[in-house]
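# Report on the structure
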Amino acid sequence: MALGLALSFAGGGAFARCEDWVPQPKPQNADRDYVGQTLDEILDRGFVEFAVYEDFPPWSHRAGGAAIGIDVEIGRLIAEEMGVAPRFRLVAAGEDLAADLRNWVWKGPVVGGSVANVMLHIPYDSAFTCRVEQVMFTGLYGVETLAVAYDAGVFGTEGPGPAMFRMHRVGVENDSISDFYLSAMAGGQLGPNISRYPTTEAAMAALAMGEVTAVMGPRAQLEAELGRALVHVPPFPGLMKPDWALGLAVHHSHRDLGYMIEGIVAEAVADGRIAAIFEDHGLSWTAPEW
């Protein structure tokens, strides 16, 4: 799942970055089913609904009929602090992040279903927030980064850097940041040694079978398959932004809900509860910058 491709990792000041964006339509007069519920309605009915990505371990997936994963546990933490029950809707990733936000946060899908109250695992970029005014981005809870999983029998304990893939075969998820980066590196010299797979999990299965000697992809997905000992973050020359903050999204008209979630997540980051969730899964965690 190449979520990071949905974003343009541009910088800029908090206000100057939005000067060139044309305001987008806000569905304030849409049917209630398509704008979610207010905070008071959520508290009165006793549950909050989270949208999480399906088939996306270790973040969110289904096992034994129940939703599990890091994002699911963070949702449960938020619901507990709100004093309501959590409900999870596992949704398919669309063609890009803007489409996912449209389908599950501020408008609803064209056919079947409606928006959720909150969507988890939203890559945050300050410039992107200007383009999607219908959404409030909040609750940063971690940082995802690109990394490399590797065969220690080939590379030893230090692990390879990207330049070493001129001589060794590397697996990537097709059409991901890793795919585009390695394909363009050194004028395309790595091309013959790049093996592409439908998912990062499939690439990791190829590593286990010896079809490739390394896999480049998001660190959490690599560590979930191989463990931290054989995953490292080398320098990525020429890659402007190899990491991105993760947070949540709510409908723009429900800022009271967004502010409540922001406070809950910030406290859980500060007191170590978010870090503990990652540690329980055997994964590295990096605190987000607020």
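The name an unreviewed UniProt entry assigns to the protein is Amino acid ABC transporter substrate-binding protein, from the organism Limimaricola cinnabarinus.

### Some details on the overall build of the protein
Regarding its fold elements, the protein presents 10 helices and 11 strands. Per-residue burial for the protein yields a buried fraction of 50% across its 290 residues. Counting contacts in the protein only where the partners sit at least 6 residues apart, residues at least 24 apart contribute 75% of the total. Surface summary for the protein: the accessible area is close to 13,000 Å², and the carbon and sulfur share equals 52%.

### Quick word on the packing of helix 2 (residues 70–82) against helix 10 (residues 273–280)
Helix 10 packs onto helix 2 with a crossing angle of 150° between their chain directions and a minimal axis gap of 10 Å. Along this stretch, helix 2 crosses helix 10, giving a crossing that reads as right-handed. Contacts between helix 2 and helix 10 involve Ile70, Glu73, Ile74, Leu77 and Glu81 on the former and, on the latter, Arg273, Ile274, Ile277 and Phe278. Of the residues in the contact of helix 2 with helix 10, the class split is 6 nonpolar, no polar and 3 charged.

### Quick word on the pairing of strand 8 (residues 194–197)
Inspection of the sheet shows strand 7 (residues 170–173) paired to strand 8 by 4 bridges, in the parallel sense. Following the sheet pairing, Glu173 is matched in strand 8 by Tyr197. A crossover connection joins strand 7 to the parallel strand 8 through helix 6 (residues 177–184); in handedness this β-α-β unit is right-handed.

### Let's talk about the nonpolar core
Of all hydrophobic cores here, the largest spans 70 residues; its most connected members are Ile78, Met82, Leu101, Tyr141 and Leu182. Inspection of this core shows a minimum of three residues originating in each of domain 1 (39–144 + 243–281) and domain 2 (145–232). The contacts of Leu182, once residues within four sequence positions are left out, are Pro162, Phe165, Val170, Val172, Leu190, Ile194 and Met216. Counting 11 residues, the second largest nonpolar core, distinct from the first, contains Ala147, Tyr197, Ala203 and Val215.

### Side note on the pattern of salt bridges
A full pass over the atoms with the stated rule returns 6 salt bridges. Note that Asp179 and Arg196 form a salt bridge whose closest N and O atoms lie 2.8 Å from each other. Of the two residues, Asp179 is situated in helix 6 and Arg196 in strand 8; the sequence distance between them amounts to 17 residues. Measuring nitrogen to oxygen at the nearest pair gives 3.5 Å for the salt bridge that ties Lys241 to Asp243. The exposure class of Asp243 is partly exposed, given its relative accessible area of 25%.

### Some details on the side chain of Thr129
Relative to the helices and strands, Thr129 resides in helix 4 (residues 126–131). One polar contact links the side chain of Thr129 to the main-chain carbonyl oxygen of Ser126, over a distance of 2.5 Å.

Analysis parameters
- Residues numbered from 1 in each chain as written.
- Predicted model: local features only at pLDDT ≥ 70, side-chain atom pairs only at ≥ 80, totals over all residues.
- Heavy atoms only, no water.
- Helix = DSSP H or I, 4+ residues; strand = E, 2+ residues; numbered from the N terminus.
- Buried < 20%, exposed > 50% of the residue type's maximum accessible area, 1.4 Å probe, protein only.
- Contact = heavy atoms within 4.5 Å.
- Areas by Shrake-Rupley, 256 points an atom, 1.4 Å probe, with all protein chains shown as cover.
- Axes fitted to C-alpha atoms, helices over the stretch in contact; angles between N-to-C directions.
- Left-handed = near helix turned anticlockwise from the far one by under 90°.
- Nonpolar A, V, L, I, M, F, W, Y, C, P; charged D, E, K, R; others polar.
- Pairing = 2+ DSSP bridges.
- Right-handed = clockwise from strand over helix to strand, strands pointing away.
- Core = buried A, V, L, I, M, F, W, Y, C linked by side-chain atoms within 4.5 Å.
- Domains from an automatic or database assignment.
- Salt bridge = Lys/Arg side-chain N within 4 Å of Asp/Glu carboxyl O.
- Polar contact = N/O pair within 3.5 Å; in protein donor to acceptor, adjacent residues only side chain to side chain.

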